[in-house]
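# An overview of the molecular structure
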Amino acid sequence: MDFDLDPPNGLGPLRIGMNRQSANVALDSLRDVSAVSTSDRPGQHIFRPSGLMISIHCTRDMLEAIELGRPSTQTDRVVFRGLDVFAIPARELVQRMGEHTSIEADPDDPASFVASDLLLSFWRPFAADDEPEEEQGYYFSSVLLARPGYYDTPAQATERLQQSS
């Protein structure tokens, strides 16, 4: 199954800004009912048979971020504008994402990248760009889609609040 990242709106039935109860129902609808994982935590995350993890993050009764963890099989794909974000080597994905938007290394974790205009971030535990055998560094391990303002610094958050007043 393909899961299309649609920033800043969400992923399938999971819509950024929806209330927690609706997010819980939407998350539950993404399960494969023929193979429910014992690792599932209702209202937090599910694991599909492919190993794809889908996690929701709510604050103040509102869905503010959706995180997806790399599946172990290609049965499920996470796609952004035709790019399978977990099947393309991290270095190549960053390059190809750069054709759509600005994407930069996270200053606190240079193995991870943030496309702040799209509200997407890509994480891997370490960089191993030249070693395909080292899947945990060669490919991204997770992608996070977030609400506007999620990546703001405190100064940017203050400015955003002043603009909306």
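First things first, this report covers the structure right here in the doc. No experiment lies behind these values; they were computed from the predicted model shown.

### Considering helix α1 (residues 20–29)
- The set of residues buried in α1 consists of A23, A26 and L27. When α1 is viewed along its axis, its buried side chains cluster within an angular range of 100° and face the same direction. In α1, the exposed positions angled more than 90 degrees off the buried face are occupied by Q21 and V25.
- Those residues of α1 that are buried lie in contact with β3 (14–15), β4 (45–47), β5 (53–59) and β6 (62–69).
- Near the N-terminus of α1, the side chain that reaches the backbone nitrogen of Q21, with its oxygen 3.1 Å away, is that of N19.

### Some points on the packing of aromatic side chains
- Applying the stated criterion to the full structure yields three aromatic pairs.
- Here F113 and F140 contribute two aromatic rings whose centre-to-centre distance is 6.1 Å and whose plane-to-plane angle is 80°, an arrangement assigned as edge-to-face. Pair noted here: F113 is in strand β10 (residues 109–115) and F140 is in the loop between α3 (135–138) and β12 (142–146), with a separation of 27 residues, a long-range link.
- Residue F113 is classed as buried on the basis of its relative accessible area, which comes to 14%.
- F140 gets classed as buried once you look at its relative accessible area, which sits at 0%.
- Judged by centre distance (5.4 Å) and plane angle (45°), the rings of F122 and F140 are tilted. Taken together, the positions of F122 in strand β11 (residues 120–123) and F140 in the loop between α3 and β12 put the pair 18 residues apart, joining distant regions of the chain. An identical accessibility class is assigned to F122 and F140; each is buried.
- Taken together through their ring pairs, the aromatic side chains of F113, F122 and F140 make up a single cluster.
- Its guanidinium or amino end placed over the ring of Y139, R70 lies 4.4 Å from that ring's centre, counting from NZ or CZ.

Thresholds, definitions, all that
Residues numbered from 1 in each chain as written. Predicted model: local features only at pLDDT ≥ 70, side-chain atom pairs only at ≥ 80, totals over all residues. Heavy atoms only, no water. Buried < 20%, exposed > 50% of the residue type's maximum accessible area, 1.4 Å probe, protein only. Helix = DSSP H or I, 4+ residues; strand = E, 2+ residues; numbered from the N terminus. Arc of directions from axis to C-beta. Contact = heavy atoms within 4.5 Å. Polar contact = N/O pair within 3.5 Å; in protein donor to acceptor, adjacent residues only side chain to side chain. Phe/Tyr/Trp six-rings, centres within 6.5 Å; stacked < 30°, edge-to-face > 60°. Lys NZ or Arg CZ within 6 Å of the ring centre and 35° of its normal.

By themselves, these figures tell us nothing about what the structure is for.
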